[in-house]
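# Architecture and fold: a report
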Amino acid sequence: MMMTAFELRRDAFGKLVLKNKEGEEFVGVAPVRSFPVQAPTRGISLVREGGKEVGWIDDLETMPAEIRKLVTEELEGREFMPEIQSIKGVSSFATPSTWTVRTDRGDTEFVLKGEEDIRRLGAYSLLIADSHGIHFLIRDMFAIDRGSRKILDRFL
């Protein structure tokens, strides 16, 4: 079993409680990703109310299973960024247009107001904001299917 600089558990109210090696307990800590798109499992800060860091995770994949599970559950409950797996169609190649997509959370439609709402993140990733401010992620625009790529090319 791997040793960590802290213990992590949920209290009776469902809040995360971090206990450091000095024995101090911090109730209601929240995990915050440093690089949510490029390295989602690396550089996770555990912060208490007010944003003060009380714990750090270099790489979630190297943590004990119980800590990994707690942090992942907490992040999933707080973050909502569906990942687009394929683009089924668009209503028009002019904006605004309605996009029909398959995401890691199911099929959905959203309205793209303008081409400026598609933002590059690094060499491969795209972040697409819909008309309601929800962000959709395309982790690797070169890895998606050919039809989706053709549609994307019309907007980039």
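Higher on the page you've got the structure.
Here the structure is a predicted model, which is why all the values come from computation and not from measurement.

### With respect to the pattern of salt bridges
- Across all of its chains, the model carries 8 salt bridges by this definition.
- A salt bridge links E74 to R10, with the shortest nitrogen-to-oxygen separation between them at 3.0 Å. With E74 in helix α1 (residues 65–78) and R10 in strand β1 (residues 6–10), the pair connects residues that are 64 residues apart, well separated along the chain.
- Between E73 and K69 there is a salt bridge, with the nearest N and O atoms lying 2.7 Å from each other. A residue pair is termed a helical-turn pair when its members lie 3 or 4 positions apart in one helix, as E73 and K69 do in helix α1 at 4 residues.

### A look at the sheet that holds strand β8 (residues 97–103)
- Strand order in the open sheet formed by 3 strands is β7-β8-β9, with antiparallel pairing between adjacent strands. Looking at which strands have only one partner, the edges of the open sheet turn out to be β7 (84–90) and β9 (106–112). The mean inter-strand angle of the sheet, taken between neighbouring strand axes irrespective of direction, is 30°.
- Packed onto the sheet, helix α2 (residues 146–155) meets β7, β8 and β9 and runs at close to 70° relative to β7.

### Let's talk about α2
- Turning to α2, its buried residues number three or more, namely S148, I151, L152 and F155. For α2, the arc enclosing every buried residue in end-on projection is 100°, short of the 170-degree limit, so these residues lie on one face. Along α2, the residues that are exposed and aim more than 90 degrees away from the buried face are R146, K150 and R154.
- Residues of α2 that are buried sit in contact with β7, β8, β9, β10 (118–121), β11 (125–129) and β12 (135–138).
- Near the N-terminus of α2, the side chain that reaches the backbone nitrogen of G147, with its oxygen 3.2 Å away, is that of D145.

Quick notes on the rules
Residues numbered from 1 in each chain as written. Predicted model: local features only at pLDDT ≥ 70, side-chain atom pairs only at ≥ 80, totals over all residues. Heavy atoms only, no water. Salt bridge = Lys/Arg side-chain N within 4 Å of Asp/Glu carboxyl O. Helix = DSSP H or I, 4+ residues; strand = E, 2+ residues; numbered from the N terminus. Pairing = 2+ DSSP bridges. Axes fitted to C-alpha atoms, helices over the stretch in contact; angles between N-to-C directions. Contact = heavy atoms within 4.5 Å. Buried < 20%, exposed > 50% of the residue type's maximum accessible area, 1.4 Å probe, protein only. Arc of directions from axis to C-beta. Polar contact = N/O pair within 3.5 Å; in protein donor to acceptor, adjacent residues only side chain to side chain.

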